Amino acid sequence: MPSASAGAGRGRTDWRRFAVVTVVSVSASAAVLTGMGEGALAASFQVSGQSFAVSFDHLTGEGFQQYAAVDAGADGTVHPVAQTGIRRMTARRMCQSVAVPLPAVGDVVLRMTAGDRGEPVTARNLVVDTETLRAEAEFTGVEIGRDAGTVHELPGPAGPAGAFAQRADRVEMSHLRQRARAATAGTFLLPDLSMSTGTDVPECR
């Protein structure tokens, strides 16, 4: 359990170099098995065979929740993920990329950037099925170890009853780097959207 920073108020925890997936690792295996047993698949669609990279220079969110789940591919392969939801998000300098292997060509990278000219990226009811995450993070009003069936920061059904979950009133992350299997949102505003594709296009770092 990370310790609270000096002088932090009640319900306010400062976690440096916080890896979200590491926090849930103690209970992740049991939670994933529970989710599979109850048919709780994180994404509302069959996921592809590739994970993708997403980065933000800075992210602020209201209404944070997270619990372990699984995504399923068209071939029946399941992928353990940390389903991470944010009710309202504002972020600066987003980068998203995926490397797609193509016959006779090799890996073709699709790269998209937004929010790097002043106006921020915003989203409502954002859910990212995360495999790995690293960031400098600060959570306010955090609860760790809550029953996933009782977490309702976002509209819709909660997680698997009895499974490990965590939630917070507010989250701020800097230098956010993650790999994910899927993402959904009620709305996603991407100002200054730019996309590039090619074998020589670099992935987001």
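Structure first, text after, so check above.
As the structure is a computational prediction, the values presented were derived from the model and not from experiment.

**Q** Let's hear about the overall build of the protein: which residues, and what values?
**A** The secondary structure content of the protein amounts to one helix and nine strands. The order of helices and strands in the protein, counted from the N terminus, is β-α-β-β-β-β-β-β-β-β. Counting over 205 residues, the protein shows a buried share of 44%. At a minimum sequence separation of 6, the contacts of the protein that also span at least 24 residues come to 79%. Entry remark: accessible area of the protein is about 10,300 Å², with carbon and sulfur atoms responsible for 52%.

**Q** Break down the packing of aromatic side chains for me, with residues and values.
**A** As enumerated under the stated definition, the model contains one aromatic pair in all. Aromatic side chains Phe64 and Phe139 sit 5.1 Å apart centroid to centroid with 75 degrees between the ring planes, which places their arrangement in the edge-to-face category. Linking Phe64 in strand E2 (residues 52-72) with Phe139 in strand E5 (residues 121-140), this pair joins segments that are 75 residues apart in sequence. Neither residue differs from the other here; Phe64 and Phe139 are each classed as buried.

**Q** Explain unusual backbone geometry residue by residue, including any values.
**A** Phi at Arg93 is positive, roughly 55 degrees, even though this residue is not glycine. Its place among the elements puts Arg93 in strand E3 (residues 78-102). When its relative accessible area of 44% is taken as the criterion, Arg93 is described as partly exposed. A positive phi angle is found at Ala104, which is not glycine, with a value near 65 degrees. In this fold, Ala104 is placed in the loop between E3 and strand E4 (106-114).

Conventions and cut-offs
- Throughout this document, residue positions are counted from 1 along each chain, in the order its sequence is written.
- pLDDT decides what is reported in this predicted model: residues at 70 or higher carry local features, side-chain atom pairs at 80 or more are listed and counted, and totals for whole chains, interfaces and linings draw on all residues regardless.
- Hydrogens and waters are ignored; side-chain quantities use all the structure's heavy atoms.
- Strands are runs of DSSP state E lasting at least 2 residues, helices are runs of H or I lasting at least 4, and numbering of each runs from the N terminus.
- Exposure classes here rest on a 1.4 Å probe applied to the protein chains alone. A residue is buried below 20% of its type maximum, exposed above 50%, and partly exposed in between.
- Residue contacts are defined here by distance: any two heavy atoms, one from each residue, within 4.5 Å place the two residues in contact.
- Using the Shrake-Rupley algorithm and a 1.4 Å probe, accessible areas are obtained, with residue cover drawn only from the displayed protein chains.
- Aromatic rings from Phe, Tyr and Trp, taking only the six-membered ring of Trp, are treated as a pair when their centres fall within 6.5 Å; an angle between ring planes under 30 degrees marks them as stacked, one over 60 as edge-to-face, and anything in between as tilted.

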